[in-house]
Amino acid sequence: MRIIEVQGVCKQFGTLCALNGVNLKIDHNKIYGLIGPNGSGKTTLMKAISGAHFPDKGTICFLGQDITCMNPHLRSQLGLSIKFQITSVFPELCVYDNLLIAKQAGESSWKLLWSRSKKALHEEILEIMECFHLQDRAYDRVSDLSHGEQQWLEISMATHDLLSNRELSQEQQAENSTPSPLKPRLLLLDEPTAGMSKEERKITGELLLKAKQNCAILIVEHDLDFIKDICDHIIVLSNGEVLDEGTPEEIESSNQVIEVYTSRV
Amino acid sequence: MCLKNKINMNKIPKYRALPVFEGAVFALLLFVPLIADKFVISSLTVFLLLSMLAISFELCWGYTGILTFGQGFFFGIGGYVVAILMNKAQVINFYVLSAGAIGIGILLGLFFGAFLFLGKRVPTIIFIAIGTMTLSYLGERFFTGWAWVGAANGQTLWEVVEVFGVEFIPGVKAFYVVMFFLTIIYLLCRFVVRSQLGLVCSGLRQSEERLKFLGYQIQVPKLIIFTFAAAIASFAGGVFSLHEGFVGPTSLGFTFSAYAALYCLFGGSGTLIGAIIGTIAIEMARLYLSDINMIKHYWQIVLGAILIVVILFRPHGIVGLFVGTRERIGYFGFRGTRKLKVKADKYV
């Protein structure tokens, strides 16, 4: 199933052409790696897809719907979830409350005023914390967490219940086969393992491989070994254009890619 | 299915300082009339009304991150509506007068809130601060020149209204009536800021951008809180004008709005009780410093210096001395129950 289709996206900042006619297709149940030298336009492309920037030209279709100029909160409600390059969580709140704020996002202000979903979301939040090894830090302030833990927290906020172990009833499974509000269909992860130890990267990789069973994932990452290990497909950007794309093996042996990377060293 | 909830719900830190502090302040206020003279009681009643204004500012700034200098405008408008209803329409029923004040607060809060928040782009903190400041200034200028409402002389409220069967004139009974209203407003605000909507407000204060990307339409909670705060300020202004028997254009102006900000900073931003403590402390200081012969002519400078020192060295105000940061922010999650623990244990 096609999740997102980016066609001829251009973005200019003054005289700098950050994206120049980028085309991209992302399918369900796959992990895509977006790599390229610094300044090649990776983060700009992520921002264009998430709605942080609107492209100057081109179109972005998400689940068949044109979202090129749609506001970020509407994109999120359609199932587009992002983890930013610079960790963006709520530092004064505890881990539990950060997850609660992410989980309750689809509810009306009226329901939130009466705190109606607090109890219902409790178990799901406990489960997410367990998946990300955050259960012992549940009531610690996020600003007291290590950088790696903050990264995990932000990924866990983006994944919602994609990593859920719970067995769903037939009715729930039928419900889940169609896109529902705030159920992520595409995860955009900008440098998810930055600042993590080797062990933490390994765990993150395992979690993402598990999450891809329920969605598509696009990862921007500088750690090429990590990308090679978990991605099904790699897209290489250079100077705002797609230089090459293919399986990790194809990209590894691509002369164009080797040339771009070695010329920068 | 294996659900190992390893989180020990007993691990949730249990804080007591803030509730004790809140209880102590309200208890102290309840007993003041037993020991104080009429002048102090009457002054305290005014301070309690001003602390409602401070609470409305605190809701916007301390909890939601909306830097508004328009609370004075809503406060004054509430007073004017009560005065106009009383003098022009001969309404002396307190409930109708307060409904008028609250109604105009909601209407104008919605109108100006929509103007400030519902634009295509997310408004910056400076835009809101300058916008609301302009609103207060224009309000004051407009009412100063409007002869029908008394222009610069304002309006005197000659009639005495009855609240809960009690004549609302400065004194012990009026103090307890105001105390009752303050308690209701306090509990209402506490309910809002401790709810899941309060969690969203807390998120708004820390990172609006993140909330947008989580799927929140951030304008909605902002508009709700702004309107709610406007209604509180307007109600406080209405009761204030009834108590003082007068309303003038200065009550709409920037001065009242700036005082509200000062009360909250001094008392402790981020707590509702801080707004009350800050108001009483500053107003008491004003009252007594201006009476000391040695500094009779410089008391404002002395008060200003005290405020600067407190704000510089205790950014969390007076409440910050007794209540830690973690407790001020609090926890919003579900505080586990036996039922959930049993359910979890079944699957282990």
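For clarity, every value in this text was computed on a predicted model and none was experimentally measured.

Draft legend 1. View of the sheet that holds strand 6 (residues 80-83) of chain A. Residue and element names in this part refer to chain A. Across the sheet, which stays open at both edges, the six strands sit in the order 6-7-8-3-9-10 with mixed pairing between neighbours. Taken across any chain shown, the strands that pair with only one partner, and hence form the sheet edges, are strand 6 and strand 10 (241-246). Here the average twist between neighbouring strands, direction ignored, is 20°. By the bridge criterion, four bridges tie strand 6 to strand 7 (residues 186-190) in an arrangement that is parallel. The partner of Ile-82 across the bridge, within strand 7, is Leu-188. Across the sheet, helix 6 (residues 147-159) touches strand 6 and strand 7, and the angle it forms with strand 6 is around 175°.

Draft legend 2. Inspection of the interface of chain B and chain A at higher detail. On the chain A side, the residues contacting the 37 residues of chain B number 40 residues. In terms of residue class, the side of chain B that touches chain A is made up of 20 nonpolar, ten polar and seven charged.

Draft legend 3. Structural context of the confidence of the model for chain A. Averaged over all residues, the pLDDT of chain A equals 87, while 91% of them reach at least 70. Overall, residues 167-181 of chain A carries pLDDT values under 50, and its contacts beyond four positions in sequence, including any with other chains, amount to nine contacts.

Draft legend 4. Summary view of the packing of helix 2 (residues 38-63) of chain B against helix 11 (residues 272-289) of chain B. All names here are of chain B. The contact between helix 2 and helix 11 brings their axes to 8 Å, and the two run at 135°. On the basis of their axis angle, the class for helix 2 and helix 11 is oblique. Handedness of the helix 2/helix 11 crossing: right-handed. Contacts between helix 2 and helix 11 pair Ser-43, Phe-47, Leu-50, Ser-51, Ala-54, Ile-55 and Glu-58 from the former with Leu-272, Ala-275, Ile-276, Gly-278, Thr-279, Ile-280, Glu-283 and Leu-287 from the latter. Residues that form the contact of helix 2 with helix 11 fall into these classes: nine nonpolar, four polar and two charged.

Draft legend 5. Molecular detail of unusual backbone geometry. Located in the positive-phi region is Glu-191 of chain A, a residue other than glycine, with phi close to 50°. For Glu-191 of chain A, the position within the fold is in the loop between strand 7 and helix 8 (198-211). A positive phi is found at Ala-151 of chain B, a non-glycine position, where the angle reads about 45°. The topology assignment puts Ala-151 of chain B in the loop between helix 5 (125-144) and strand 1 (155-156). The exposure class assigned to Ala-151 of chain B is partly exposed, which follows from the 14 C-beta atoms found within 10 Å.

Draft legend 6. Fine view of helix 5 of chain B. Residue and element names in this part refer to chain B. The end-to-end C-alpha distance of helix 5 is 29 Å, a good match for the 28 Å that 20 residues give at a rise of 1.5 Å each. Three or more residues of helix 5 are buried, namely Ile-128, Thr-132, Leu-135, Ser-136, Gly-139, Glu-140 and Phe-143. With its buried residues spanning 125° around the axis, helix 5 presents them on a single face. Across helix 5 from its buried face, at more than 90 degrees, point the exposed residues Ile-126 and Phe-142.

Draft legend 7. Seen up close, the pairing of strand 2 (residues 16-27) of chain A. Residue and element names in this part refer to chain A. When strand 1 (residues 2-13) meets strand 2, the two strands line up antiparallel, connected through nine bridges. Following the sheet pairing, Phe-13 is matched in strand 2 by Leu-16. Between the end of strand 1 and the start of strand 2, which pair antiparallel, lie two residues, with Gly-14 showing a positive phi angle near 65°.

Draft legend 8. Structural context of the pairing of strand 8 (residues 216-220) of chain A. Residue and element names in this part refer to chain A. With five of five residues buried, strand 8 is to be regarded as a mostly interior element. Burial along strand 8 is two-sided: Ala-216, Leu-218 and Val-220 facing one way and Ile-217 and Ile-219 facing the other are all buried. Taken together, the four bridges between strand 3 (residues 31-35) and strand 8 define a ladder with parallel strand orientation. Bridge pairing in strand 8 places Ile-31 opposite Ile-217. In this structure, strand 7 lies alongside strand 8, joined through five bridges in parallel fashion. Paired with Asp-190 across the strands is Val-220, a residue of strand 8. As for the winding sense of the linkage, the β-α-β connection from strand 7 through helix 8 to strand 8 is right-handed.

Draft legend 9. View of the sheet that holds strand 4 (residues 57-62) of chain A. Read across the open sheet, the four strands follow the order 2-1-4-5 (chain A); overall the sheet is antiparallel. Either end of the sheet is taken by a strand with one partner, and the two such strands are strand 2 and strand 5 (65-66) of chain A.

Draft legend 10. Fine view of the environment of Asp-225 of chain A. Residue and element names in this part refer to chain A. For Asp-225, the location among the structural elements is in helix 9 (residues 224-230). Note on Asp-225: 9 C-beta atoms within 10 Å, which makes it exposed. For the pair Asp-225 and Gly-246, spaced 21 residues apart in sequence, the C-alpha to C-alpha distance is 16 Å.

Draft legend 11. Representation of the nonpolar core in the model. Counting residues in hydrophobic clusters, the biggest one holds 167 residues, and the most contacted among them are Leu-186, Ile-217 and Ile-219 of chain A together with Leu-53 and Ala-236 of chain B. The contact partners of Ile-219 of chain A, leaving out residues within four places of it in the chain, are Ile-31, Tyr-32, Gly-33, Leu-34, Leu-189, Pro-192, Ile-227 and Cys-231 of chain A.

Draft legend 12. Inspection of the packing of helix 1 (residues 17-35) of chain B against helix 6 (residues 172-194) of chain B at higher detail. All names here are of chain B. As a packed pair, helix 1 and helix 6 sit with axes 9 Å apart at the nearest point and diverge in direction by 165°. Taken together, the axis directions place helix 1 and helix 6 in an arrangement best described as roughly antiparallel. Our pair here, helix 1 against helix 6, has a crossing hand that is left-handed. In this structure, helix 1 contributes Phe-26, Leu-29, Leu-30 and Pro-33 to the contact, and helix 6 contributes Val-172, Phe-175, Met-179 and Thr-183. Considered class by class, the residues forming the contact of helix 1 with helix 6 number seven nonpolar, one polar and no charged.

Reading guide: rules and limits
Residues numbered from 1 in each chain as written. Chains lettered and ligands numbered in written order. Predicted model: local features only at pLDDT ≥ 70, side-chain atom pairs only at ≥ 80, totals over all residues. Pairing = 2+ DSSP bridges. Helix = DSSP H or I, 4+ residues; strand = E, 2+ residues; numbered from the N terminus. Axes fitted to C-alpha atoms, helices over the stretch in contact; angles between N-to-C directions. Contact = placed C-beta atoms within 7 Å. Nonpolar A, V, L, I, M, F, W, Y, C, P; charged D, E, K, R; others polar. pLDDT = per-residue confidence, 0-100. Parallel < 35°, antiparallel > 145°, perpendicular 65-115°, else oblique. Left-handed = near helix turned anticlockwise from the far one by under 90°. Buried ≥ 20, exposed ≤ 12 C-beta atoms within 10 Å, placed from the backbone. Expected span 1.5 Å × (residues − 1). Arc of directions from axis to C-beta. Right-handed = clockwise from strand over helix to strand, strands pointing away. Core = buried A, V, L, I, M, F, W, Y, C linked by C-beta atoms within 7 Å.

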